[in-house]
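Close look at the chain arrangement
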Amino acid sequence: FGSDLRAESARLPAAWACHRAGRHADAVALADQALAAGARPSDGWLYLAANSERQLARHAAAADRYGRLLRECPDSVYAPRSAYERALALFNAGRHAEAVDQARAIPPGGPMEDQVCWLLAESAIALGDENGAIQNYRLIADRHPGSPLAPEAWYRIGDLLNKRGEAWNAATAYRELFLRYPASGLAPKGLFAAAYGAAKTGRREDAARDWGRFLETFPQHELAADALFQKAVAEAQLGRNEQ
């Protein structure tokens, strides 16, 4: 009943149903037919097609669809989300410099700012810009402490600082991860790394304290035996032989 008026209004919901049912190639095919016929709303069809292309791991094609939506329908309700998703598609396509350009075009302070900063940080790493990565991870940590990305942002900061030889600054970042997010799955690794960094830089009192915190907080962790031994070493170096 293709000529029925109700068929026309059913096409876009049918394509979304294909997308949500995992039939992404069918959704793309329906979108291509509709766009070729000049169907409206074109932004809805383009957004559907872009999302389906992304689910098919055709990231370059998805980026092109999002880009067309942004060019042709800049005021679309889908435009803010498309800007981020285009940056993500470009990143996944290995086009990291373009991903950075797209992400930087997104106005700051929006509801997805933490995700945009994460994308910028990951792109910076891919481009060899460690300072840019640290800066964007810090933006997540400072501006979005409630984000699910914040604990790992602190951990990534520690890793990058460690990599460039700033062991004490790295230890401080790892410690912040533990102090702010003690229930995070990364908290034990963060606290262990903080204690190790303190010991490595000769801050024995800090090391002994952090090893003790580890043993109090994570007594059953697989690293607890190592922490107990390292705490003993730190206490001995401090002359507290009884402890």
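Just above sits the structure.
Anyway, here's the lowdown on the structure attached to this text. (Residues numbered from 1 in each chain as written. Predicted model: local features only at pLDDT ≥ 70, side-chain atom pairs only at ≥ 80, totals over all residues. Heavy atoms only, no water.)

**Structural notes on the overall build of the protein**
The condition is simple: Put simply, DSSP marks the helices as runs of H or I at least four residues long and the strands as runs of E at least two long, and each gets a number from the N terminus on. The quantity called the radius of gyration is restricted to C-alpha atoms. Its globule counterpart is 2.2 Å times the number of residues to the power 0.38.
Along the backbone of the protein there are 13 helices and 0 strands. Its helices and strands in sequence order give the protein the pattern α-α-α-α-α-α-α-α-α-α-α-α-α, from N to C terminus. A compact globule built from 243 residues should have a C-alpha radius of gyration of about 18 Å, whereas the protein, at 25 Å, is more than 25% larger. Projected onto its principal axes, the C-alpha positions of the protein cover 90 × 35 × 25 Å.

**Notes on unusual backbone geometry**
Here the residue pair Arg40 and Pro41 is connected by a cis peptide bond, since its omega of 0° sits within 30 degrees of zero. Here Pro41 lies in the loop between α2 (24-36) and α3 (42-55). Even without a glycine there, the phi angle at Ala57 is positive, about 65°. Topologically, Ala57 is positioned in the loop between α3 and α4 (59-72).

**Some remarks on the packing of aromatic side chains**
Using the following cut-off: Aromatic contacts are taken between Phe, Tyr and Trp rings whose centres are within 6.5 Å, Trp giving its six-membered ring; a plane angle under 30 degrees counts as stacked, one over 60 as edge-to-face, and the others as tilted. Accessible area is worked out with a 1.4 Å probe on protein chains only. A residue is then buried under 20% of its type maximum, exposed over 50%, and partly exposed in between.
This model, assessed by the stated rule, comprises 9 aromatic pairs. Between Trp118 and Tyr137, the ring centres sit 5.2 Å apart and the planes meet at 65°, which makes this aromatic pair edge-to-face. With a gap of 19 residues between them, Trp118 in helix α7 (residues 113-126) and Tyr137 in helix α8 (residues 130-143) connect regions that are remote in the sequence. Among the residues examined, Trp118 registers a relative accessible area of 15% and is labelled buried.

**A closer look at the layout of surface pockets**
Worth spelling out the cut-off: Computed over the protein atoms alone on a 1 Å grid, cavities are sets of points where a 1.4 Å probe fits but cannot get out and pockets are open sets with protein on both sides within 12 Å along at least five of seven lines; a residue lines them when it has an atom within 4 Å of a point. Grid points are joined across faces, edges and corners, and a volume is the space filled by probe spheres set on the points. The nonpolar class holds Ala, Val, Leu, Ile, Met, Phe, Trp, Tyr, Cys and Pro. Asp, Glu, Lys and Arg form the charged class, and all remaining residues, Gly among them, are polar.
In this structure, the largest pocket spans a volume of roughly 300 Å³. As for the largest pocket, its lining consists of 18 residues, of which Arg104, Cys117, Leu120, Asn136 and Leu139 are closest to the centre. If you list the elements that add at least two residues to the lining of the largest pocket, you get α6 (96-104), α7 and α8. When the residues that make up the lining of the largest pocket are grouped by side-chain class, the tally is 11 nonpolar, 3 polar and 4 charged. As a volume, the second largest pocket reaches approximately 230 Å³. Forming the boundary of the second largest pocket are 13 residues, of which Pro80, Ile106, Pro107, Gly110 and Pro111 lie nearest the centre. The element contributing the most residues to the lining of the second largest pocket is helix α5 (residues 79-92), with 3 residues.

**What to know about the environment of Ala236**
For Ala236, the location among the structural elements is in helix α13 (residues 224-237). Residue classification places Ala236 among the partly exposed positions, given a relative accessible area of 44%. Remark: the alpha-carbon pair of Ala236 and Ala208, spanning 28 residues in sequence, is separated by 9.9 Å.

**Remarks on the packing of α5 against α6**
This is how it is decided: Note on geometry: axes are C-alpha line fits, over the in-contact stretch for helices, and angles between N-to-C directions span 0 to 180 degrees. Here the word oblique covers every angle except those under 35 degrees (roughly parallel), over 145 (roughly antiparallel) and from 65 to 115 (roughly perpendicular). Here a crossing is taken to be left-handed if its near helix is turned anticlockwise relative to the far helix by less than a right angle, and right-handed if that turn runs clockwise. Any two residues whose heavy atoms approach within 4.5 Å are treated as being in contact.
Close contact between α5 and α6 brings their axes to 8 Å; oriented N to C, the two are set at 170°. One way to sum up the angle between α5 and α6 is to call them roughly antiparallel. Remark: the crossing between α5 and α6 carries left-handed chirality. In this structure, α5 uses Ala83, Arg86, Ala87, Leu90 and Phe91 to contact α6, whose residues at the interface are His96, Glu98, Ala99, Gln102 and Ala103.

**So, the pattern of salt bridges**
Selection criterion: Salt bridge, as applied in this entry: a Lys or Arg side-chain nitrogen positioned within 4 Å of an Asp or Glu carboxyl oxygen.
This model, assessed by the stated rule, comprises 23 salt bridges. Between Asp4 and Arg6 there is a salt bridge, with its nearest N and O atoms 3.0 Å apart. Classification of Arg6 by relative accessible area gives exposed; the value is 64%. Residue Glu235 is joined to Arg240 by a salt bridge in which the shortest nitrogen-to-oxygen separation is 2.6 Å. Among the residues examined, Arg240 registers a relative accessible area of 28% and is labelled partly exposed. Ionic contacts of the salt-bridge type, sharing partners, join the residues Arg175, Asp206, Arg209, Asp210 and Arg213 into one network.

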